[in-house]
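What follows is each chain in one-letter form.
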Amino acid sequence: MSDNPGDTRQREIYMGGLAEMTPEVPLAYEDLEAAAMEALDGAAFDYVMGGAGAERTVRANAAAFDRWRLVPRFLRDVAERDLFVEVFGVEQYPFMLAPVGVQSILHEDAELAVARAASAQGVPMVLSSVSSFTIEEVAEALGDTPKWFQLYPSSDREVAASFVARAEAAGYDALVVTVDTPLPGWRERDLQRAYLPFLEGEGIANYTSDPAFRARLDQPPEENPQMAVLEFIDVFGDASLDWEDLAWLCAETDLPVVVKGLLHPADARRATEAGAAGVVVSNHGGRQVDGAIAALDALPRVAEAVADGTAVLFDSGVRRGADAIKALALGADAVLLGRPYAYGLALDGQHGVEEVLRNFRGDLDLTLGLVGHDAVSALDREALVDVWALRLSGLVSG
Ligand SMILES: Cc1cc2nc3c(=O)[nH]c(=O)nc-3n(C[C@H](O)[C@H](O)[C@H](O)COP(=O)(O)O)c2cc1C
């Protein structure tokens, strides 16, 4: 019997059916979201699900996947399939866990549950700056699993430098610098509820445990938590950030730096000139600029613009295996999963995240074989068509 992950996953689900068991964590993204809505309080659910403004970009992210269609090829021996890719010299799955902040509003085990799930499934994790457990605690839970740390560049360079040094010391493999959040997005759901989890002290464990941050406080956070929250708000973001700051950060670390949140090819080129080894094409899941280009629409131009050897990652709208295949065929080396695993965490902690990962991997594997490929690394533009262009050319020629 084959042990390709898709075959294995389907087999275990169907065999469960013989014992009257069906998957408890929903497979379909839409059902996962609906179940999380039931399970969570309204403010926490809206915080995860919502986007900026009228949420046009949230919808555009999903719609962009419809424009590209896979063109299956057959009779090409897909009995054995290789899902692995190489990123910064490490063999890994072509999907990773995106940095998602304040996970304590979803589950008490928060990032620790996610890290344990990542480790159990061998899926790389990107830890957010605004986590509820520290850089060090999450590194320990991840063990040897590839781990990247996402930095929100602080307005206090000493805090930023301290975070980078801690990530290096804790054994992280790369530093992800998120640049699309110099200012908070206009998120109508959160504003309407007047809900910002940080103000309740959620998601600031890296700050309250940081020597450079603590040095700014008159009283330790344990004695005056409210003061620590206000100080966090003060140092969290930096609207004055520019390319020189990025170059400074790249020079500050020996880790490969990956710039997250780029959509314009010129920005991607400039990031690599500043010293970045990779980029994440992303619009933050539509949470920052309402009306921003769908991340998938931005991907091909960015992938073409950067030099060979630059790691190109992608997120915003990846829900199923076919979505990942499309992004990989359009030039991404790997994709990041965001909301799907956040909902898995909300529903059943570590187990919920593991279920999401098992299903995603199974779907990805089977879809890869069904489009006629036996290796993710061989996917290219030949695997898909732009149906708009196809229809237009039909109109013109016919
Ligand atoms: C609740 C939530 C919190 C997030 N927190 C962070 C974060 O702390 N740092 C970051 O770089 N991106 C953050 N993101 C963005 C994700 O890394 C990723 O870009 C986004 O989820 C992709 O969109 P998708 O989930 O719709 O696929 C967050 C996203 C969500 C939904």
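Description of the structure in this document. Note that the coordinates shown come from a computational prediction; the quantities given were computed from them, not determined experimentally.

1. Let's talk about a negative patch on the surface
A grouping of D3, D77, E80, D82, E86, E91 and D374 is seen on the molecular surface, where their side chains present a negatively charged patch. Within the fold, D77 resides in the loop between β1 (68–70) and β2 (85–87).

2. Looking at the pairing of strand β7 (residues 174–178)
Of all the five residues making up β7, five are buried; the element is thus mostly covered by neighbouring parts of the structure. Burial along β7 is two-sided: A174, V176 and T178 facing one way and L175 and V177 facing the other are all buried. Inspection of the sheet shows strand β6 (residues 147–151) paired to β7 by four bridges, in the parallel sense. If you follow F149 over to β7, its bridge partner there is L175. The parallel pair β6 and β7, bridged by helix α7 (residues 157–169), forms a crossover whose chirality is right-handed. For β7 and strand β8 (residues 257–262), the ladder comprises four bridges, and the chain directions are parallel. By the bridge assignment for β8, T178 is matched with K260.

3. Concerning the site of the ligand
Inspection of the region around the ligand gives 23 residues, with P99, S128, T178, R319 and R339 positioned closest. Isolated, the ligand exposes 600 Å² of accessible area, and the fraction of that covered by the protein chains is 98%. Per-class residue counts for the shell around the ligand are eight nonpolar, ten polar and five charged.

4. Side note on the packing of helix α1 (residues 5–18) against helix α16 (residues 339–370)
Describing two packed helices takes the angle between their axes plus the distance from one axis to the other. Axis separation between α1 and α16 bottoms out at 7 Å; the angle between their running directions is 125°. Taken together, the axes of α1 and α16 are oblique relative to one another. Between α1 and α16 lies a crossing whose hand is left-handed. Of α16, the residues touching α1 (which contributes P5, G6, D7, R9, Q10, E12 and I13) are E355, R358, N359, R361, G362, D365 and L366. Class assignment of the residues belonging to the contact of α1 with α16 gives a composition of three nonpolar, four polar and seven charged.

5. Topic: the pattern of salt bridges
Per the stated rule, a full pass over the model turns up 20 salt bridges. R81 is the partner of D365 in a salt bridge, and the nearest nitrogen-oxygen pair spans 2.7 Å. Here D365, found in helix α16, pairs with R81, found in the loop between β1 and β2; they are 284 residues apart in sequence, far enough to count as distant. Judged by relative accessible area, R81 falls into the buried class, the value being 14%. Measuring nitrogen to oxygen at the nearest pair gives 3.0 Å for the salt bridge that ties D210 to R166. You can see D210 sitting in the loop between α9 (205–208) and α10 (211–214) and its partner R166 sitting in helix α7, a full 44 residues away along the chain. We classify R166 as buried; its relative accessible area is 10%.

6. Quick look at the packing of helix α15 (residues 321–329) against α16
Put simply, α15 and α16 touch, their axes get as near as 7 Å, and they point 60° apart. With respect to each other, α15 and α16 are oriented oblique. With respect to the hand of their crossing, α15 and α16 are arranged in right-handed fashion. Contact residues: G321, A322, A324 and I325 in α15; F360, D363, L364, T367 and L368 in α16. Grouping the constituent residues of the contact of α15 with α16 by class yields six nonpolar, two polar and one charged.

7. As for a nonpolar patch on the surface
Residues L196, L199 and I233 make up a contiguous nonpolar surface patch of roughly 240 Å² in combined accessible area. Turning to its location among the elements, L196 is positioned in the loop between α8 (188–193) and α9. Given the relative accessible area of 37%, L196 is considered partly exposed.

8. Observations concerning the side chain of D386
For D386, the location among the structural elements is in strand β12 (residues 384–386). What D386 contacts, discounting residues up to four positions off in sequence, is R67 and W68.

What counts, and where the lines are drawn
- Residues numbered from 1 in each chain as written.
- Predicted model: local features only at pLDDT ≥ 70, side-chain atom pairs only at ≥ 80, totals over all residues.
- Heavy atoms only, no water.
- Patch = residues over 30% accessible without salt bridge, like charges linked within 9 Å, V, L, I, M, F, W, Y side chains within 5 Å.
- Areas by Shrake-Rupley, 256 points an atom, 1.4 Å probe, with all protein chains shown as cover.
- Salt bridge = Lys/Arg side-chain N within 4 Å of Asp/Glu carboxyl O.
- Lys, Arg positive; Asp, Glu negative; His and termini not counted.
- Charge placed at Lys NZ, Arg CZ, Asp CG, Glu CD.
- Helix = DSSP H or I, 4+ residues; strand = E, 2+ residues; numbered from the N terminus.
- Buried < 20%, exposed > 50% of the residue type's maximum accessible area, 1.4 Å probe, protein only.
- Pairing = 2+ DSSP bridges.
- Right-handed = clockwise from strand over helix to strand, strands pointing away.
- Near = heavy atom within 4 Å.
- Nonpolar A, V, L, I, M, F, W, Y, C, P; charged D, E, K, R; others polar.
- Axes fitted to C-alpha atoms, helices over the stretch in contact; angles between N-to-C directions.
- Parallel < 35°, antiparallel > 145°, perpendicular 65-115°, else oblique.
- Left-handed = near helix turned anticlockwise from the far one by under 90°.
- Contact = heavy atoms within 4.5 Å.

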